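Here's the letter readout for the chains.
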Amino acid sequence: MDFGLSEEQKLIVETTRAFVENELYPHEREVERTGVLRRELIEDIKAKAIEAGLYAANMPTEVGGAGLDTVTWLLYEKELGRANYALHWTCVARPSNILLAGTPEQREKYLYPCIRGEKWDCLAMTEPGAGSDLRGMKATAVQDGDDWVLNGTKHFISHADLADFAIVFMASGEEESSRGKRKKITAFFVDKGTKGFTVRDGYRNVSHRGYTNAILEFDDCRLPGAQVLGEVHKGFDVANSWLGATRLQVGATCLGRAERALGHAVEYAAQRQQFGQQIGKFQGVSFKLADMATELKAADLMVFEAGWKYDQGTITDQDMAMAKLKATEMLAFVADEAIQIHGGMGLMDDLPLERIWRDARVERIWEGTSEIQRHIISRGLLRPFGG
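Residues numbered from 1 in each chain as written. Predicted model: local features only at pLDDT ≥ 70, side-chain atom pairs only at ≥ 80, totals over all residues. Heavy atoms only, no water.

You'll find the protein chain entered in an unreviewed UniProt entry as Butyryl-CoA dehydrogenase, with Mesorhizobium escarrei given as the organism. The protein chain has a UniProt comment under Sequence similarities (unreviewed entry) that states "Belongs to the acyl-CoA dehydrogenase family." (UniProt positions renumbered as here; feature names shortened; annotations may be inferred.)

Right, dumping it as structure tokens:
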């Protein structure tokens, strides 16, 4: 494994970082203060991102994306992760890879408009009673002739208020398994405005202000069979095939925020004077910096090794779980220590540290909680022994 960056990778890192600092940082305080991402601001930054070649860069070149390999994509995500999440995820959108699983007709209707910046997608799995246990979902899809009728509720659906359509996973039947009956899952495209499909405001979130969530309600929502994504009853196969690297994406954005927090802490420790000297000369501060840098380096290596393995086709569920677990828990540690070094100033909104600290909390929950990651890791260790 070569730990050096190619010239192309260096250029992507430099371009993305400059874009983040020049186009996203200036709007962070407004979004944090209001909790709102203005539509005109979205459109302005989106146009600049498209011009810079950063929009939908996660997609293959054959469909209009940048065709980045996984390691390069994670470098790009890391740089975007330095900024307020709502700004970089909405204004520099990366459409869900699951759109690539669509038929040619579905690609024309959903994938290509998302890549061109004409539409936004959202992904709807989670329910009030089914978070980590997706097989426990109660929202149903029942076949009626050539149509499907959807009923139920989804919640915590990110930026569904902006999205033009949702990719919705519904229980579509049951099958026998070694542990008894389990739900069959089917994925559907559901356009906003479809009769029986309602998007309601979600919950106020302490993390990622401006990045909204919504509640989706389905009341006898009728869809033609052409709206099925992938095969009927094979929704989990579709998800597992196309959504695997999202945990690495979370890890990469955590690296970016942790680097930003550490940078502020080092600068403050070098400048702040107490008892006649820089506070960075006191072991109580300098050792914190050393621990923060070491944890960040460890997480960085784990995330990018996992990305390299993904490109080699040797990635395992444990690799992704370890990378996500380490990066998200590292960010919480680094953010907390950065605030401790700054003292009271660390909690003031003059600095991004209190935001990074708040935002860090959700990373250990979404895309699989830390407990789920530990379950995946331990299961992999014990399976060869019959565990």
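The next point concerns the overall build of the protein chain. Scanning the protein chain for helices and strands turns up twelve helices and ten strands. Here the protein chain has a C-alpha radius of gyration of 22 Å; the compact-globule value for 387 residues is 21 Å, and the two agree. When the 387 residues of the protein chain are sorted by exposure, 49% land in the buried category. Within the protein chain, contacts between residues at least 6 apart in sequence are counted, and of these 75% link residues at least 24 apart. (Helix = DSSP H or I, 4+ residues; strand = E, 2+ residues; numbered from the N terminus. Rg over C-alpha atoms; globule rule 2.2 N^0.38 Å. Buried < 20%, exposed > 50% of the residue type's maximum accessible area, 1.4 Å probe, protein only. Contact = heavy atoms within 4.5 Å.)

This next bit is on the layout of surface pockets. Approximately 580 Å³ is the volume attributed to the second largest pocket. Lining of the second largest pocket is provided by 26 residues; of these, G35, Y203, R204, G210 and T212 occupy positions nearest its centre. A breakdown of the residues in the lining of the second largest pocket according to their chemical character gives eight nonpolar, eleven polar and seven charged. (1 Å grid on protein atoms, 1.4 Å probe; cavity = no way out; pocket = protein on both sides within 12 Å on 5 of 7 lines; lining within 4 Å. Points joined across faces, edges and corners; volume = space filled by probe spheres on them. Nonpolar A, V, L, I, M, F, W, Y, C, P; charged D, E, K, R; others polar.)

When the UniProt feature table is mapped onto this chain, "domain: Acyl-CoA dehydrogenase/oxidase C-terminal" (unreviewed entry) is found at residues 234–382. The distance separating the terminal C-alpha atoms of residues 234–382 is 28 Å; by composition the span is 77% helix and 3% strand.

Ranked by size, the top nonpolar core spans 92 residues in total, and within it Y76 and F169 carry the most contacts. A per-element tally of this core places helix α8 (residues 246–271) first, with eleven residues. Residues in contact with F169, not counting those within four places in the same chain, are I98, L123, A124, M125, M137, K154, I185, T186, A187, G235 and A239. Counting 21 residues, the second-largest nonpolar core is a separate cluster that includes W148, L150, L216 and F218. (Core = buried A, V, L, I, M, F, W, Y, C linked by side-chain atoms within 4.5 Å.)

Our next topic: the UniProt feature "domain: Acyl-CoA dehydrogenase/oxidase N-terminal" (unreviewed entry) in the protein chain. Per the UniProt entry, the sites bearing "domain: Acyl-CoA dehydrogenase/oxidase N-terminal" (unreviewed entry) are residues 6–118 in this numbering. Helix makes up 61% of residues 6–118 and strand 0%, whereas the separation of the span's terminal C-alpha atoms amounts to 32 Å.

Turning our attention to the environment of A306. Secondary-structure assignment places A306 in helix α9 (residues 283–312). Exposure remark for A306: the relative accessible area of 1% places this residue in the buried category. In this structure, the C-alpha to C-alpha distance between A306 and E14, residues 292 residues apart in sequence, is 23 Å. For A306, the contacting residues outside a window of four places in its chain are L248, I315, D319 and A323.

Mapped onto the fold, R94 is located in the loop between α5 (85–91) and α6 (104–115). Among the polar contacts made by the side chain of R94, one reaches the main-chain carbonyl oxygen of H88 at a distance of 2.7 Å. Within polar-contact distance, the side chain of R94 engages the backbone oxygen of V92 at 2.8 Å. Each residue touching R94, except ones within four places of it in the same chain, is listed here: A56, N58, Y76, E77, L80, H88, W89 and Q249. (Polar contact = N/O pair within 3.5 Å; in protein donor to acceptor, adjacent residues only side chain to side chain.)

A few words on the packing of helix α10 (residues 317–342) against helix α11 (residues 353–363). Helix-helix packing is described using two parameters, namely the angle between the two axes and the distance between the axes. Relative to each other, α10 and α11 sit at 155 degrees, their axes nearing to 9 Å. Overall, the two elements α10 and α11 adopt an arrangement that is roughly antiparallel. α10 and α11 meet at a crossing whose hand is left-handed. In this structure, α10 uses K324, T328, L331, A332, A335, D336, A338, I339 and H342 to contact α11, whose residues at the interface are L353, E354, I356, W357, A360 and E363. (Axes fitted to C-alpha atoms, helices over the stretch in contact; angles between N-to-C directions. Parallel < 35°, antiparallel > 145°, perpendicular 65-115°, else oblique. Left-handed = near helix turned anticlockwise from the far one by under 90°.)

This paragraph deals with a nonpolar patch on the surface. Together, M345, L347, M348 and W357 give the surface a local cluster of nonpolar side chains, amounting to about 380 Å² of exposed area. Within the element layout of this structure, L347 appears in the loop between α10 and α11. (Patch = residues over 30% accessible without salt bridge, like charges linked within 9 Å, V, L, I, M, F, W, Y side chains within 5 Å. Areas by Shrake-Rupley, 256 points an atom, 1.4 Å probe, with all protein chains shown as cover. Salt bridge = Lys/Arg side-chain N within 4 Å of Asp/Glu carboxyl O.)

Glancing now at the packing of aromatic side chains. Throughout the structure, instances matching the rule amount to eleven aromatic pairs. A ring pair is formed by Y85 and Y211, whose centres lie 4.9 Å apart and whose planes are at 80 degrees; its orientation type is edge-to-face. In this pair, Y85 sits in helix α5 while Y211 sits in the loop between β6 (197–201) and β7 (213–224), placing the two residues 126 residues apart along the sequence. Neither residue differs from the other here; Y85 and Y211 are each classed as buried. Judged by centre distance (5.0 Å) and plane angle (10 degrees), the ring pair of F197 and F218 falls under stacked. Here the residue F197 occupies a position in strand β6, and F218 occupies one in strand β7, the gap between them amounting to 21 residues. Each member of the pair F197 and F218 is classed as buried. In textbook terms, an aromatic cluster arises when at least three aromatic residues are bridged by ring pairs, as seen for Y85, W89, Y211 and W366. Over the aromatic face of Y25 sits the side chain of R260, whose NZ or CZ is 3.8 Å from the ring centroid. (Phe/Tyr/Trp six-rings, centres within 6.5 Å; stacked < 30°, edge-to-face > 60°. Lys NZ or Arg CZ within 6 Å of the ring centre and 35° of its normal.)

By the burial criterion, the buried members of α6 are Q106, Y110, L111, Y112, P113, C114 and I115. Buried residues in α6 make contact with β1 (121–124), β4 (165–177), β5 (180–191) and β8 (228–229). Once α6 ends, the next one or two residues include G117, with phi positive near 85 degrees.

Of all eleven residues in helix α4 (residues 70–80), eleven are buried, a share of seventy percent or more. Considered for burial, the residues of α4 that qualify are T70, V71, T72, W73, L74, L75, Y76, E77, K78, E79 and L80. As for α4, its buried residues are in contact with α1 (7–24), α5, α8 and α9. Between a side-chain oxygen at the N-terminus of α4 and the backbone nitrogen of V71 the separation is 3.1 Å; the capping residue is D69.

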